[in-house]
Amino acid sequence: MSVFAGVFLPSYSKLSNKAELWANNQFGFVTAGKLGRFLPQLAFNLAVIWLCFVGGAFNLAGIASVGGWAGAALLTTLASQGTQYLGGYLVARGIGDANRNTIVSIVFNMVLAGLGTAGVPGAREAFLVLGFVLGVLFFGIGLVSDLRSVLAPKGGVGLFLGTFNPFHNSHLMMVRRALDERGLDRIIIHPTLIPRLHADAFRKGEIRVGRVREDGFQVYEKTDKADSNVDYFPTGNIFLPPETRKALIELALAEAGLGNRVEVAFYPETYNTKGFQGVIGEIKRRNPGMRLHTLHGTDFGGMLVRQISDECGWIYPWCILRRDKVSATAIRRGAKGMTSPVVTDVLSQISQNLPVVTAGGRRFRNDNGVLTEGA
């Protein structure tokens, strides 16, 4: 166990996160993603704790007091899932990152499991309580969220939060379907500014803008100060400036005839200090008593938005499985035909390094890909 913790735990943590993401993408339910993380870890814990048990590594009275080796494995896994959930809760608030927080959560749980199965006074009780309470919390929140998704009433305001890097045809499709299927009065879109993970890493000197491509995309890269166990770019390392992403969303919505039903919000001070939690709070303040729905996909960013929404009150999720092969990553790599005509045209003008970009009757000053209206 010591060798595993010292050598393989970072890889184990990354694989656990990938297992949950894979299950989310396959099924679109929070509970499925949690089972995708839980079941492989349970199988691993059953095998390891059984080996320790038959090898005589456990205090027999201590292991018996927590339900034997199988009970210890189940409680260890439940507690581990709960502490990992708390780690993800902190990630959603800009504290740490997914891989590092998972490592810390697993290490904490391993220490408590070791003390609890050894029969150390107080540790056994803490181990039992942590296993049951955090296990119920871990699965309970996901199950309630999935039920809200399936049983959601119609009507209200939709929230669409994400990077939109850039806004593409699938985003438009999701807006149209949500308006129709949930009977929404309107939808509020808010793009990220500089993601909080990146803002912290920039401040610490762990990442930097390596270069600005001809098409206006900024390429982020790690520096020598970067932590090798941190995934700084879970949604990629190539970004359009936030002002440009906002302009592209507005132009695409106007072209699609959705401008009167979809609002593009931009609260930079709120986002920079409180993240999407603050943005949701501001939208609630401006729409008192209004039923809220969250639109999201099943990729990393989409499920992160889902988690944030679940923790911000009674918001109804609207989830869509992405199967159309339209990809912002592919667009950033040069793929064509995945954005609306106006977005394609603006990106082309930026690539030509035109000082003034015109689209939809609007004029923008182009400063290395940063679009400022009113040029």
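Small disclaimer: the values here were computed from a predicted structure and weren't measured.

Peer 1: Report on the sheet that holds strand 7 (residues 292-296), specifying residues and quantitative values.
Peer 2: The strand order across the open sheet built from five strands is 6-2-1-7-8, with neighbouring strands paired in parallel fashion. Taken across any chain shown, the strands that pair with only one partner, and hence form the sheet edges, are strand 6 (262-264) and strand 8 (316-319). In this sheet, adjacent strand axes meet at a mean angle of 25 degrees when their direction is disregarded. Bridge count between strand 2 (residues 186-191) and strand 6: three bridges; the pairing is parallel. When the sheet's bridge partners are listed, isoleucine 189 is paired in strand 6 with valine 264. Along the sheet face, helix 9 (residues 242-255) touches strand 2 and strand 6 and points at about 160 degrees away from the line of strand 6. Against the sheet, helix 11 (residues 300-310) engages strand 1 (157-162), strand 7 and strand 8, with an angle of about 160 degrees to strand 7.

Peer 1: Account for the sheet that holds strand 4 (residues 218-222), naming residues and giving values.
Peer 2: One open sheet accounts for three strands, arranged 3-4-5; its pairing is antiparallel. In this open sheet, the two strands that pair with only one neighbour each are strand 3 (207-212) and strand 5 (238-239). Packing of helix 8 (residues 196-204) onto the sheet brings it into contact with strand 3, strand 4 and strand 5, and relative to strand 3 it is tilted by some 100 degrees.

Peer 1: Could you give an account of helix 13 (residues 341-351), naming the residues involved and the relevant values?
Peer 2: Residues Val342, Val343, Val346, Leu347, Gln349 and Ile350 constitute the buried set of helix 13. For helix 13, the angular spread of the buried residues around the axis is 160 degrees, confining them to a single face. In this fold, the buried residues of helix 13 make contact with helix 9, strand 9 (356-359), strand 10 (362-367) and strand 11 (370-373).

Peer 1: Account for the environment of lysine 154, with residues named and values stated.
Peer 2: You can see lysine 154 is positioned in the loop between helix 6 (123-150) and strand 1. Assessed through its relative accessible area of 57%, lysine 154 is described here as exposed. Residues lysine 154 and histidine 171, spaced 17 residues apart in sequence, show a C-alpha to C-alpha distance of 20 Å. Beyond its immediate stretch of four places on either side in the chain, lysine 154 contacts Glu181, Arg182, Gly183 and Arg291.

Peer 1: An account of the state of the cysteines is requested, with residue identities and associated values reported.
Peer 2: According to the stated counting rule, one finds zero disulfides in the structure shown. A disulfide-free cysteine, cysteine 312 has its sulfur positioned 18 Å from the sulfur of cysteine 319, the nearest such atom. Judged by its relative accessible area of 15%, cysteine 312 falls in the buried class.

Peer 1: For unusual backbone geometry, give the residues involved together with the corresponding values.
Peer 2: Note that the residue after asparagine 165, namely proline 166, is joined by a cis bond; omega there is 5 degrees. One non-glycine residue, phenylalanine 164, lies in the positive phi region at around 50 degrees. Here phenylalanine 164 is to be found in the loop between strand 1 and helix 7 (169-181). We classify phenylalanine 164 as buried; its relative accessible area is 3%. Within the chain, asparagine 368 stands out as a residue other than glycine whose phi angle is a positive 55 degrees. Mapping asparagine 368 onto the fold places it in the loop between strand 10 and strand 11.

Definitions and limits used
Residues numbered from 1 in each chain as written. Predicted model: local features only at pLDDT ≥ 70, side-chain atom pairs only at ≥ 80, totals over all residues. Heavy atoms only, no water. Pairing = 2+ DSSP bridges. Helix = DSSP H or I, 4+ residues; strand = E, 2+ residues; numbered from the N terminus. Axes fitted to C-alpha atoms, helices over the stretch in contact; angles between N-to-C directions. Contact = heavy atoms within 4.5 Å. Buried < 20%, exposed > 50% of the residue type's maximum accessible area, 1.4 Å probe, protein only. Arc of directions from axis to C-beta. Disulfide = S-S within 2.5 Å.

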